[in-house]
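Letter by letter, the chains look like this.
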Amino acid sequence: MTKTYHGSCHCGAVRFECDLDLAKGTSKCNCSICAKQRFWKTLVKATSLRLLQGEDHLIDYQFGSRTIHHLFCRTCGTKPFGRAHLDVAFEGDELRGEFYAVNLACLDDLIGQELSELAVRFEDGRNDRWDAAPAETRHL
C-alpha cells in the first residue's frame, strides 16, 4: 500500500515528501559509499518524491561511473536521498528513467515497529552485481 512519508536531513534545512510502498521492499548495498554510511534505502520513480525545501542546501557527490548523484545537506552532511537515471529497466520496468534512492533513516514518520518489519534485499554493489547478495551481509 502506498503511503506518503515526510523526511528531512538532521538540521531540517532539507525537507521532502515521497509516496512509498515499503511492502515492495528495501535494500542495503555493500559498495564503498553505502557500506560506510550504512545506507538503507528504497527506490522510487522521480515523480514520487517532492522536495519541499532546501534545494539550495543540497550538494552533489559522484564517484566511480558517476551514475548516481549522492545528495547531501551542505549544513549537516546528511544524505536524505540519491538520484539516478537508468536507460534500461531495473526491477521490472518500474525504475526505467529518473528515480530516487530514499534514505529510510531520514523518514520522519517511519516508526520503529514499521521499520523493523521491512523486507531487506542485499546487493553486491562492490562487484557491480545489483541482482545478487554479497557473501557477507552481517555488517550492512
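Refer to the structure presented above.
What this report covers is the structure whose coordinates are included nearby. The residue count restarts for each chain, going from 1 along the sequence in the order it is written. Reporting of local features is limited, given that this is a predicted model, to residues whose pLDDT is at least 70; pairs of side-chain atoms are given and counted only at 80 or more, and all residues count toward the totals for whole chains, interfaces and linings. Side-chain measures here rest on the full set of heavy atoms in the structure, leaving out hydrogens and waters.

As for unusual backbone geometry
Among all residues save glycine, negative phi is the norm, and among peptide bonds the norm is trans.
Working step 1: The backbone phi angle of Arg 38 is positive, close to 55°, even though this residue is not glycine.
Working step 2: Positive phi outside glycine occurs at Arg 66, with the angle close to 60°.
Working step 3: Inspection of the secondary structure assignment puts Arg 66 in the loop between strand 6 (58–61) and strand 7 (69–73). The way it works is that DSSP assigns letters per residue, a run of H or I at least four long becomes a helix, a run of E at least two long becomes a strand, and they are numbered from the N terminus.

What to know about the side chain of Ser 48
Working step 1: Positionally, Ser 48 belongs in the loop between strand 4 (40–45) and strand 5 (49–53).
Working step 2: By the convention used here, residues are in contact when the closest approach between their heavy atoms is within 4.5 Å. Setting aside anything within four residues of it in sequence, one finds Ser 48 in contact with Glu 17, Cys 18 and Asp 19.

A look at the sheet that holds strand 4
Working step 1: Note on pairing: two strands pair once DSSP finds at least 2 bridges between them. Here we have seven strands laid out as an open sheet, ordered 6-7-8-9-4-3-10, and mixed in their pairing. Two strands bound the open sheet, and with one partner strand each, they are strand 6 and strand 10 (120–123). Sheet twist, expressed as the average angle between the axes of neighbouring strands with direction ignored, equals 30°.
Working step 2: Relative to strand 10, strand 3 (residues 26–29) runs parallel, the two being bridged by four bridges. The partner of Ser 27 across the bridge, within strand 10, is Arg 121. Between the N-to-C directions of two axes lies an angle of 0 to 180 degrees, each axis being a line fitted to C-alpha atoms and, for a helix, fitted only over the stretch in contact.

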